[in-house]
Amino acid sequence: MKSAVETLNPTRVRLTVEVPFEELKDSLDAAYKKINQQVTVKGFRKGKIPARVIDQRFGRGAVLEEAVNDALPKFYTDAVNEAELSPLGQPEVDITELKDGETLNFTAEVDIRPAIEIPDYSGIEVEVDAVEVTDEDVEKSVEQLRERFASTTPVERAAEDGDVVTIDLEAKVDGEVLEDGVASGVSYTIGSGELLDGIDDAVKGLEAGGEATFTSELKGGSAAGKEAEVTVKVTQVAKRELPELDDDFAQLASEFDTLEELKADSRKRLENMKQYDQATQAQERVLDKLLELVEVPVPEKLLEDEINTRKHNLEHHQLGQMGLDLAKYLEIQGKTEEEFENETREAAVKGIKTQFVLDELVKQEKLNVNQEELTEHLMRRAASSGMSPDQFAQAVVEQGQVPLLVGEVARGKALAVVVEKATVKDTNGETVDLEDDEDEAAEAETSEAAADEKAEEKTEG
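Residues numbered from 1 in each chain as written. Predicted model: local features only at pLDDT ≥ 70, side-chain atom pairs only at ≥ 80, totals over all residues. Heavy atoms only, no water.

A.B. asks: Outline the overall build of the protein chain, supporting the account with residue identities and numerical values.
C.D. replies: Of regular secondary structure, the protein chain possesses 14 helices and 11 strands. Taking 461 residues into account, the globule formula puts the C-alpha radius of gyration at 23 Å, and the protein chain, at 32 Å, lies well above it. Seen through its C-alpha atoms, the protein chain measures out along the principal axes to roughly 95 × 65 × 45 Å. Taken over 461 residues, the protein chain has a buried fraction of 34%. With an accessible surface of roughly 27600 Å², the protein chain has 45% of that area assigned to carbon and sulfur atoms. Averaging the locations of the 52 positively and 107 negatively charged side chains of the protein chain gives two centres separated by 9 Å. (Helix = DSSP H or I, 4+ residues; strand = E, 2+ residues; numbered from the N terminus. Rg over C-alpha atoms; globule rule 2.2 N^0.38 Å. Buried < 20%, exposed > 50% of the residue type's maximum accessible area, 1.4 Å probe, protein only. Areas by Shrake-Rupley, 256 points an atom, 1.4 Å probe, with all protein chains shown as cover. Lys, Arg positive; Asp, Glu negative; His and termini not counted. Charge placed at Lys NZ, Arg CZ, Asp CG, Glu CD.)

Okay, here's the thing in structure tokens:
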């Protein structure tokens, strides 16, 4: 086999391959064997039909077609490896010549990873937000914790702002009650904005047993986006009562004995979270600076595929779960379709460039991924997906996505190398130490989870 490479542009090549006919022998034998198992000829046992009979009965052309289809992937792969190419996606193959007993010639056009030269990145400088936790931040955090431990007491009076009402709902569109438009025993805090627009005004002033009708646009369900006539009936009015902010509350809501200790812990947790946000901001800004330094051509076909994937995921997964379509989403976001298209394209371009540059850095810095790093990444991905680590790991293996996860970890390590060499200062002009931020954020999340657990225990109790 002989092959040659023609560069069409920085991200696309054409392979020209010439295959001597004798190299098709294995594929021809396999073709005859396959056809033998598929056809019957009177006078011959199944699978024992001579090649000359198959040629006479079914045509030599059918055998050649089968053989070429079998052989092409191997010859294409050999040509790619010989030229040391990194193809992206499937090739466009064109058989230019097929002479029985003589030769098979074909061309294959395919997108490839562009050659990227990473310049010196040690001079990158970025500015990030300073970590500042105010007394007001701490008070807000403690107040939010206090809200979790609120209790409710039924009252015999009209509902007011902040009350928790138990309600029954019935939604009609065009005079017809929707199948999924009826709900009973719904608990709703007046003023929370968690249900339908207009419901606060409808229930305020109603006592238990009272009802009202209002018009609202449905946010989800079978008639999402449509105007509905909603009837709401109040079955109970309850007053929310917040616990006193004192040492008893600290003992109820945390492992601390005093309110001052609880506030000190809240301040530390907020600092940890802001430090983690600061580290994330530093990574993003260093990456942006790095991409500015590198010239990265983007394959058009790969870009279009990435854009379509992003649109599909948004429309059929994210928006679908919220009961929205793209038009409604754009209306809520205050964006035109053209702005959405431009933003999606820009994000896709950045995503592709980021992967190319970081993958090149992985090679340049000779970075490897060990089992511990992969397991840690898998655990984080499982947590964000809402699956158990075992379920997520099984899904990853079954879908053949282990190399994708390895790539994600390796690219993360490559970016960390760049961030480590960059100069990062906050808005106060102070040099930022980004070490241990993830551990601090994990500590903050653990503290938050402990508070949630205590609130749940109180509710169940």
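A.B. asks: An account of the side chain of R12 is needed here, citing residue identities and associated values.
C.D. replies: Turning to its location among the elements, R12 is positioned in strand β2 (residues 12-20). Residue R12 is classed as buried on the basis of its relative accessible area, which comes to 15%.

A.B. asks: How would you sum up the packing of helix α7 (residues 259-293) against helix α13 (residues 402-421)? Please name residues and give values.
C.D. replies: Two numbers describe how α7 lies on α13: the axes approach to 10 Å, and their chain directions differ by 90°. Taken together, α7 and α13 sit at an angle that is classed as roughly perpendicular. Residue-level inspection shows Q283, V286, L287 and L290 of α7 in contact with α13, the latter providing L415, V418 and V419. By residue class, the composition of the contact of α7 with α13 is 6 nonpolar, 1 polar and no charged. (Axes fitted to C-alpha atoms, helices over the stretch in contact; angles between N-to-C directions. Parallel < 35°, antiparallel > 145°, perpendicular 65-115°, else oblique. Contact = heavy atoms within 4.5 Å. Nonpolar A, V, L, I, M, F, W, Y, C, P; charged D, E, K, R; others polar.)

A.B. asks: How would you summarise the sheet that holds strand β1 (residues 2-9) if you had to cite specific residues and measurements?
C.D. replies: Taken in spatial order, the 4 strands of this open sheet run β1-β2-β4-β3, and their pairing is antiparallel. Looking at the sheet topology across the chains shown, the edges are occupied by β1 and β3 (87-99). Recorded for the sheet is a direction-independent mean angle of 20° between the axes of neighbouring strands. In this sheet, strand β4 (residues 103-112) lies alongside β3 in antiparallel orientation, the contact comprising 9 bridges. Its bridge partner lying in β4, D94 is registered against T107. Across the sheet, helix α3 (residues 60-82) touches β1, β2, β3 and β4, and the angle it forms with β3 is around 125°. (Pairing = 2+ DSSP bridges.)

A.B. asks: Give a detailed account of the pattern of salt bridges, specifying residues and quantitative values.
C.D. replies: This model, assessed by the stated rule, comprises 34 salt bridges. Between R345 and E300 there is a salt bridge, with its nearest N and O atoms 2.9 Å apart. Taken as a pair, R345 in helix α10 (residues 337-364) and E300 in helix α8 (residues 300-322) lie far apart in primary sequence, 45 residues in all. Exposure remark for R345: the relative accessible area of 33% places this residue in the partly exposed category. (Salt bridge = Lys/Arg side-chain N within 4 Å of Asp/Glu carboxyl O.)

A.B. asks: A description of the pairing of strand β8 (residues 176-189) should follow, citing residues and the corresponding values.
C.D. replies: Of the pairings in the sheet, the one linking strand β7 (residues 164-173) to β8 comprises 8 bridges and is antiparallel in character. The partner of L169 across the bridge, within β8, is A183. Linking β7 to β8, which pair antiparallel, is a turn of 2 residues; within it D174 sits at a positive phi near 55°.

A.B. asks: Kindly report on the environment of E373, identifying the contributing residues and their values.
C.D. replies: Along the chain, E373 turns up in helix α11 (residues 371-385). E373 gets classed as partly exposed once you look at its relative accessible area, which sits at 24%. Considering only alpha carbons, one finds E373 and V406, 33 residues apart in sequence, at a separation of 9.0 Å. Excluding residues within four positions of it along the chain, E373 makes contact with N368, V409 and K413. Of the polar contacts made by the side chain of E373, one reaches the side chain of K413; its length is 3.0 Å. (Polar contact = N/O pair within 3.5 Å; in protein donor to acceptor, adjacent residues only side chain to side chain.)

A.B. asks: Give a detailed account of α3, specifying residues and quantitative values.
C.D. replies: With 23 residues, α3 should cover 33 Å at 1.5 Å per step; its first-to-last C-alpha distance of 31 Å lies within 8% of that length. Its maximal kink placed at A71, α3 deviates by approximately 35°, while the proline P73 follows within four residues. Against the buried residues of α3 lie β1, β2, α1 (25-38), α2 (51-58), β3 and β4. E84 sits one or two positions beyond α3 and adopts a positive phi of about 55°. (Expected span 1.5 Å × (residues − 1). Bend = angle between axes of the 7 residues up to and from the residue.)

A.B. asks: Describe the UniProt feature "domain: PPIase FKBP-type" (unreviewed entry) in the protein chain, with residues and values.
C.D. replies: In the numbering used here, UniProt assigns the feature "domain: PPIase FKBP-type" (unreviewed entry) to residues 162-215. Spanning residues 162-215, this segment combines 9% helix with 54% strand, and its end C-alpha atoms are found 22 Å apart. (UniProt positions renumbered as here; feature names shortened; annotations may be inferred.)

A.B. asks: Describe helix α12 (residues 389-398), and please don't skip the residues or the numbers.
C.D. replies: Because an α-helix completes one turn every 3.6 residues, residues spaced three or four positions apart along the sequence face the same direction. The complete set of buried residues in α12 reads F392, A395 and V396. Along the axis of α12, the buried positions cluster into a sector of 100°, meaning they face one direction only. The outward face of α12, more than 90 degrees from its buried face, is lined by the exposed residues D390, V397 and E398. On its buried side, α12 packs onto α11 and α13. Immediately beyond the C-terminal end of α12, within one or two residues, lies G400, with a positive phi of roughly 65°. (Arc of directions from axis to C-beta.)

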